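A look at the structure
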Amino acid sequence: LMCSKAFRQYLLVLTALSLKVSRSEVRRFRPGLDYTVAHHGQLSDQEWLDCTLCFVDDKSAANKAAWESAEVGGYECNISADEDGEAATAVVYRGDDDNDTLSVSASSNTLNLVLRKKNRMRFIKYVSAAAPGSRYDVAVEYEVLPEEDDEEDDDDDDDEGGLQVPDEDEEDGDA
């Protein structure tokens, strides 16, 4: 579903970005075992739209508080690389107003959209053994396609304000 043309059309309406599916995966992060790592292979000279549909057990007030506090981990973090291309090395990723960090707490049945700028990395913080359960998500990375010239858009009056989703034939379909 999240790789379909219809979903990309929905994202186009929400973000006004033309997108191409790059990679998608269904993931489970188990308490005390799983996380992802920010690494230099993620650095890119273009923008990406990260779309994550997240699920956790946050039905009880205690579980919800645990996930929101981030003390049990499991949150998605987006950090910038420094001038040398190295990852930002802040030990605490939350509450530091001086660094350029975005953290999104795990919450059930939420769709998170993050426009990842150039030279940014993302990762899922280690889910501690104290977490109330696993974090599940469906993560899709969309390549943000360059905007077309306005002169070319003027030729097509039926393009719904210049918002168009590329045809499936234009994609390499490795998602």
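My aim in this report is to walk through the structure given alongside it, one point at a time. (Residues numbered from 1 in each chain as written. Predicted model: local features only at pLDDT ≥ 70, side-chain atom pairs only at ≥ 80, totals over all residues. Heavy atoms only, no water.)

**Points about the pairing of strand E2 (residues 48-55)**
Just so we agree on the cut-off: Here's how the labels work: a residue is buried when its accessible area is under 20% of the maximum for its type, exposed when over 50%, partly exposed in between, all with a 1.4 Å probe on protein chains only. Going along the chain from the N terminus, every DSSP run of H or I of four or more residues is numbered as a helix, and every run of E of two or more is numbered as a strand. Pairing between strands is defined by DSSP: at least two bridges between the two strands are required.
Of all eight residues in E2, six are buried, a share of seventy percent or more. Across seven bridges, E2 lies against strand E5 (residues 110-116) in antiparallel orientation. Directly across from cysteine 51, in E5, lies its bridge partner leucine 113. The pairing of E2 with strand E7 (residues 135-144) spans eight bridges and is antiparallel. Each residue of the ladder has a partner; that of phenylalanine 55, found in E7, is tyrosine 136.

**A short note on the packing of aromatic side chains**
The test is simple: In summary, the pairing rule links any two rings of Phe, Tyr or Trp, Trp by its six-membered ring, whose centres are within 6.5 Å, and it sorts them by plane angle into stacked for under 30 degrees, edge-to-face for over 60 and tilted for everything else.
What the rule picks out here adds up to two aromatic pairs. Plain terms: the ring middles of phenylalanine 7 and tyrosine 10 are 6.0 Å apart, the flat faces sit at 45° to each other, and that makes the pair tilted. Residue phenylalanine 7 and its partner tyrosine 10 are both found in helix H1 (residues 5-15); the two are separated by three residues, about one turn of the helix. For phenylalanine 7, a relative accessible area of 11% puts it in the buried group. On the accessibility criterion, tyrosine 10 (43% relative accessible area) is partly exposed. Measuring from ring centre to ring centre gives 6.1 Å for tyrosine 35 and tyrosine 126, while their planes differ by 65°; the resulting arrangement is edge-to-face. Pair noted here: tyrosine 35 is in the loop between strand E1 (19-29) and E2 and tyrosine 126 is in the loop between strand E6 (120-124) and E7, with a separation of 91 residues, a long-range link.

**Section: a nonpolar patch on the surface**
Rule in force here: Patch membership requires more than 30% relative accessible area and the absence of a salt bridge. Residues of like charge join within 9 Å; the nonpolar side chains Val, Leu, Ile, Met, Phe, Trp and Tyr join within 5 Å. Here the open area of atoms and residues is found with the Shrake-Rupley method and a 1.4 Å probe, where only the protein chains shown may cover a residue. What counts as a salt bridge is simple: a side-chain nitrogen of Lys or Arg found within 4 Å of a carboxyl oxygen of Asp or Glu.
Together, Tyr10, Leu14, Leu111 and Leu113 line one region of the surface with nonpolar side chains, adding up to about 340 Å² of accessible area. Taken together, the elements giving at least two residues each to the nonpolar patch come down to H1 and E5. Within the element layout of this structure, leucine 113 appears in strand E5.

**So, H1**
Turn by turn, an α-helix covers 3.6 residues, leaving residues three or four places apart pointing in a common direction. Selection rule: The arc in question is traced by the directions running from the helix axis to the C-beta atoms.
Residues of H1 that are buried: Phe7, Arg8, Leu11 and Leu12. Within H1, the buried residues cover an arc of 150° as seen down the axis, which keeps them to one side. Residues of H1 that are exposed and angled more than 90 degrees away from the buried face: Ala6 and Val13.

**Brief notes about the side chain of arginine 8**
For the record, the criterion: Think of a polar contact as two N or O atoms within 3.5 Å of one another; within protein, one of them needs to be a possible hydrogen donor and the other a possible acceptor, and neighboring residues in sequence only count if both atoms come from side chains.
With respect to the helices and strands, arginine 8 occurs in helix H1. Within the structure, arginine 8 has its side chain in polar contact with the backbone oxygen of leucine 19 (distance 3.5 Å).

**Some points on unusual backbone geometry**
Of note, the phi angle at alanine 16 is positive, near 60°, even though the residue is not glycine. Among the secondary structure elements, alanine 16 is positioned in the loop between H1 and E1. Not every positive phi belongs to a glycine, and alanine 70 is a case in point at roughly 70°. With respect to the helices, strands and loops of the structure, alanine 70 is situated in the loop between helix H2 (61-69) and strand E3 (76-80). The buried category is assigned to alanine 70, whose relative accessible area is 11%.

**Looking at the nonpolar core**
Let me state the cut-off plainly: As used here, the term nonpolar core means buried Ala, Val, Leu, Ile, Met, Phe, Trp, Tyr and Cys residues forming a set that is joined through side-chain atoms within 4.5 Å.
With eleven residues, the main nonpolar core is built from Met2, Phe7, Leu11, Leu17, Leu19, Val21, Leu49, Cys51, Val140, Tyr142 and Val144. Secondary-structure elements contributing two or more residues to this core are H1, E1, E2 and E7. It is E7 that provides the largest number of residues to this core, a total of three residues. Phe29, Cys54, Val56 and Ala131 belong to the second-largest nonpolar core, a separate cluster that totals ten residues.

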